[in-house]
Amino acid sequence: MTTIQSLNACSDADFVDALRGIYEHSPWIAARAAQARPFASLASLKLALQSTVDAASIDEQLALLRAHPELAGKAAIAGALTAESTDEQASSGLDRCTAHEYAQLHALNADYNGRFGFPFILAVKGPTGRGLTRQAIIATFERRIGNTRGDELREALRQVHRIAEIRLNALLGITPSLGAVVMDWCEVLGALSDDESNLTCAYMTPAHRRTAAHIADWMRAAGMTVHVDAVGNVVGRYAAAQPGAKTLATGSHYDTVRDGGKYDGRLGILLPVALVAELHARGQRLPYDLEVIAFSEEEGVRFRSTFLGSSALAGSFDMALLDAVDSDAVTLGDALAQAGHDVASIAAIARDPASMLGFVEVHIEQGPVLLERGLPLGVVSAIAGSSRYLVELSGVASHAGTTPMGMRRDAAAAAAEIVLLVEDRCRNGDALVGTVGQLNVPAGSVNVIPGACRLSLDIRAADDAVRLAAVDDILAGISAICTRRGIGEKLFKLLEIDAVPCAPRLMAQLGAAVEGAGLPRFDLPSGAGHDAMRMAQLTDVAMLFVRCGNGGISHNPLETMTADDADIAGRVLLDFLLDFSDN
Ligand code: GLV
Ligand code: MN
Ligand code: MN
């Protein structure tokens, strides 16, 4: 039986021999990594192997990639693969392709190799380690073939490391079962959607309520007492051994954007639920009440109101929002009443700051920073502030065929200028980003000059002064564009939230837990908004980021992570909870 201890204790030659199949036909990687022994954990062994490849020459990296077989290629058909590759390709059914699939893969292999000069590499055992479907493999192949060579080279190397990770798990007899359970739960929730063709879980829709019910069931099964509050937050409490203890809270949101990813928000709810199940199974209580809070709304999709769930807990819920209407003219107040919630009880949700020890949120990074550094986890230093507006432009609708170009008051053309203004103003700012995510011509027709156009603005920066200066410039620019074009302009502010620093004392404890897992502590800011921003009005906050795959894409169904990363995040969060100190 191979263990980290036996790998640390054996000779260099035996170490290389033990890791023989981990990197395809490339024993030099283990030979060099052997010099970095002893390894504190599997995570540090993986990092050492990865660093060896990162430090290698480009020719060595290309040789590593070229040592891999094509998927369902000639070597596979001829039975000439390594035992590891044979097993992996079979786990995805690549040995049972239809004639059409073989033809597709054959053409893709040839095209890919011609473009990039190395074979397409994909860890076909996938994010959970249980195997991707052939359809998923072909879809990934078709998508990645459009990448630039530089991006694809880095992605191919990351896939090589993922293959190595899965092979190392098999060698050491390790299964990231906690991470796999959490990913399976995300899959279950991902199937509950407002839209048949994608994952959309907007506030207080039937899918949203069913999602809440699933979460509540899992919390109860994990040994928590559960209540759903008047704004739909699902709150699971794992009571301390002694009554009267203060509360340490964790959690995230369960609503999603339209056509969103499965892990955004949900990971931060389900990971601690799985940990509580472990604690409960071994009869272990914590010295504080642990609450796992599934916040009902963070994304602002249905009522353009963000952080509904966490603002209620923080005592900053804006009751005027009860009159906000969705696209079907249903008010927020009515949506709550129809779901059986009593809006009169919202004020009572607010927590007493004196009862709180802190709030820690686990979240998928939703960006490429950890992925590019090859790190599964990061400690968030601060969360970027954000300004959001809705802009309504009014021009004059008139005939597309008869109105001379110089006589038009085209609201969509003004909006187009505004989109470019936002892009231009935010392009060179310091950690500044600006987005027009909604843009529409209400009741537009092909043959009518747009008389109205609505667009959204989302401007964010880590530094509040940088963001506010950009907002001022953009709003002034919009006025100038509208004046020049004879367009009316109405501006509605949807959100203004300052950047939120994470509490150094909680960051230090999270960082210690990360290091305890054999990983370096790496701090990074969050560009995305999170419930922790509102919870910071109530108590100290910290966040743990988990690496996001597929180039770091999020707010997209391609958002992905691995069971291994979820698992190590769970171990780190558990250590943080067990070692938590209120100093
Ligand atoms: C939430 O996901 C946001 O940052 O918009
Ligand atoms: Mn989101
Ligand atoms: Mn989120």
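Here, every reference points to the structure presented above.
Given the structure is predicted, the values throughout are model-derived calculations rather than measurements.

> Got a minute to help me understand the overall build of the chain in this structure?
Helix and strand counts for the chain come out as 21 helices and 14 strands. Compactness check: the chain gives a C-alpha radius of gyration of 26 Å against a globular reference of 25 Å for 583 residues, within 12% of the reference. C-alpha extents for the chain along the principal axes are approximately 75 × 70 × 45 Å. Here the chain, with 583 residues, has 54% of them falling under the buried criterion. The long-range fraction of contacts in the chain, counting pairs at least 24 apart against all pairs at least 6 apart in sequence, stands at 78%. Only carbon and sulfur atoms are counted for the fraction: they give 54% of the accessible area of the chain, which is about 23700 Å². Between the centroid of the 49 positive side chains of the chain and the centroid of its 70 negative side chains there is a distance of 2 Å.

> What's the story with the packing of aromatic side chains in this structure? I'm lost.
In this description, a pair of aromatic rings is defined by centroid distance and the angle of the planes. Scanning all chains against the criterion turns up 11 aromatic pairs. Residues Tyr112 and Phe116 carry aromatic rings whose centres are separated by 4.6 Å and whose planes lie at 65 degrees to one another, so their mutual orientation is edge-to-face. Here Tyr112 pairs with Phe116, and both are found in helix α8 (residues 99–116), just four residues apart, close to one helical turn. Comparing Tyr112 with Phe116, the two get one shared label, buried. Note on Phe116: relative accessible area 4%, which makes it buried. Joined through ring pairs, the aromatic side chains of Tyr112, Phe116, Phe118, Phe120 and Phe141 make up one cluster. Across from the ring centre of Tyr238, 4.2 Å away, lies the NZ or CZ of Arg285, which sits over that ring.

> Can you help me understand the coordination of the manganese ion (ligand 2) in this one?
Around a metal, the perfect tetrahedron of four donors has angles of 109.5 degrees, and the perfect octahedron of six donors has angles of 90 or 180 degrees. The coordination sphere of the manganese ion (ligand 2), as far as protein atoms go, consists of Asp264 (OD), Glu299 (OE) and His555 (NE2), spread over 2.1 to 2.2 Å. Separating the manganese ion (ligand 2) from the manganese ion (ligand 3) is a gap of 3.4 Å, which Asp264 spans by donating to each of them. Of this pair, Asp264 sits in the loop between β3 (247–253) and α13 (266–281) while His555 is found in the loop between β14 (541–546) and α21 (563–579), placing the two residues 291 residues apart along the sequence.

> Sorry, what's going on with α21 here?
For an α-helix, the turn length of 3.6 residues means that residues three or four places apart are oriented alike. Between its first and last C-alpha, α21 extends 24 Å over 17 residues, near the 24 Å set by a 1.5 Å rise per residue. Among the 17 residues that make up α21, 13 are buried, leaving the element largely enclosed by the rest of the structure.

> Which parts of the structure should I look at to understand the site of ligand 1?
By nearness alone, every residue bordering ligand 1 is listed as Glu298, Glu299, Arg388, Arg460, Ala528, Gly529 and His555. A distance of 2.6 Å is found between an oxygen atom of ligand 1 and a backbone nitrogen or oxygen belonging to Gly529. Between His555 and ligand 1, the recorded distance is 3.1 Å, taken from a side-chain N or O atom to an oxygen atom. Contact with the protein chains covers 94% of the free accessible surface of ligand 1, which is 190 Å². The residue makeup of the shell around ligand 1, split by class, is one nonpolar, two polar and four charged.

> Explanation requested: the side chain of Thr247 in the structure shown.
With respect to the helices and strands, Thr247 occurs in strand β3. Apart from the residues within four sequence positions on either side, Thr247 is in contact with Arg237, Asp289, Glu291, Ser355, Met356, Leu357 and Gly358.

> For this particular structure, what's the right way to read the pattern of salt bridges?
When the charged atoms of two side chains with opposite charge come close together, those side chains can pair. Counted under the stated rule, the structure contains 41 salt bridges. A salt bridge links Arg37 to Asp12, with the nearest nitrogen and oxygen atoms 2.5 Å apart. Placement of the pair is Arg37 in the loop between α3 (27–33) and α4 (42–55) and Asp12 in helix α2 (residues 12–18), with a sequence separation of 25 residues. On the accessibility criterion, Arg37 (16% relative accessible area) is buried. Look at Asp12 and you get partly exposed, because its relative accessible area is 37%. Notably, a salt bridge pairs Asp523 with Arg521, separated by 2.9 Å at the nearest N-O pair. Arg521 sits in the partly exposed class, given a relative accessible area of 32%. Because the salt bridges share partners, they merge into one network encompassing Asp464, Arg467, Lys493, Glu496 and Asp498.

> Before we go on, may I ask you to explain the side chain of Thr331 in this structure?
Examined against the element boundaries, Thr331 turns out to sit in the loop between α14 (308–314) and α15 (332–338). Filtering out sequence-adjacent residues up to four positions away, Thr331 remains in contact with Phe303, Leu322, Asp323, Ala324 and Val325.

> Mind showing me how you'd approach α13 here?
Compared with an ideal rise of 1.5 Å per residue, which puts 16 residues at 22 Å, α13 spans 23 Å between its outermost C-alpha atoms and is within 8% of the ideal. A large share of α13 lies buried, amounting to 12 of its 16 residues. Buried within α13 we find Arg266, Leu267, Gly268, Ile269, Leu270, Leu271, Pro272, Val273, Ala274, Leu275, Val276 and Leu279. Backbone geometry just downstream of α13 places Gly283 in the positive-phi region, at approximately 70 degrees.

> Just checking my understanding: could you explain the packing of helix α5 (residues 58–66) against helix α10 (residues 149–172) for this structure?
Running from N to C, α5 and α10 cross one another at 60 degrees; their axes reach a closest spacing of 10 Å. When the axes of α5 and α10 are compared, the crossing they make is left-handed. Contacts from Ile58, Gln61, Leu62, Leu64 and Leu65 in α5 reach Arg149, Leu153, Ala156, Leu157 and Val160 in α10. Split into classes, the residues belonging to the contact of α5 with α10 amount to eight nonpolar, one polar and one charged.

Rules behind the numbers
- Residues numbered from 1 in each chain as written.
- Chains lettered and ligands numbered in written order.
- Predicted model: local features only at pLDDT ≥ 70, side-chain atom pairs only at ≥ 80, totals over all residues.
- Heavy atoms only, no water.
- Helix = DSSP H or I, 4+ residues; strand = E, 2+ residues; numbered from the N terminus.
- Rg over C-alpha atoms; globule rule 2.2 N^0.38 Å.
- Buried < 20%, exposed > 50% of the residue type's maximum accessible area, 1.4 Å probe, protein only.
- Contact = heavy atoms within 4.5 Å.
- Areas by Shrake-Rupley, 256 points an atom, 1.4 Å probe, with all protein chains shown as cover.
- Lys, Arg positive; Asp, Glu negative; His and termini not counted.
- Charge placed at Lys NZ, Arg CZ, Asp CG, Glu CD.
- Phe/Tyr/Trp six-rings, centres within 6.5 Å; stacked < 30°, edge-to-face > 60°.
- Lys NZ or Arg CZ within 6 Å of the ring centre and 35° of its normal.
- Donors = N, O, S within 2.8 Å, 3.2 Å for Na, K, Ca; no water.
- Expected span 1.5 Å × (residues − 1).
- Near = heavy atom within 4 Å.
- Polar contact = N/O pair within 3.5 Å; in protein donor to acceptor, adjacent residues only side chain to side chain.
- Nonpolar A, V, L, I, M, F, W, Y, C, P; charged D, E, K, R; others polar.
- Salt bridge = Lys/Arg side-chain N within 4 Å of Asp/Glu carboxyl O.
- Axes fitted to C-alpha atoms, helices over the stretch in contact; angles between N-to-C directions.
- Left-handed = near helix turned anticlockwise from the far one by under 90°.

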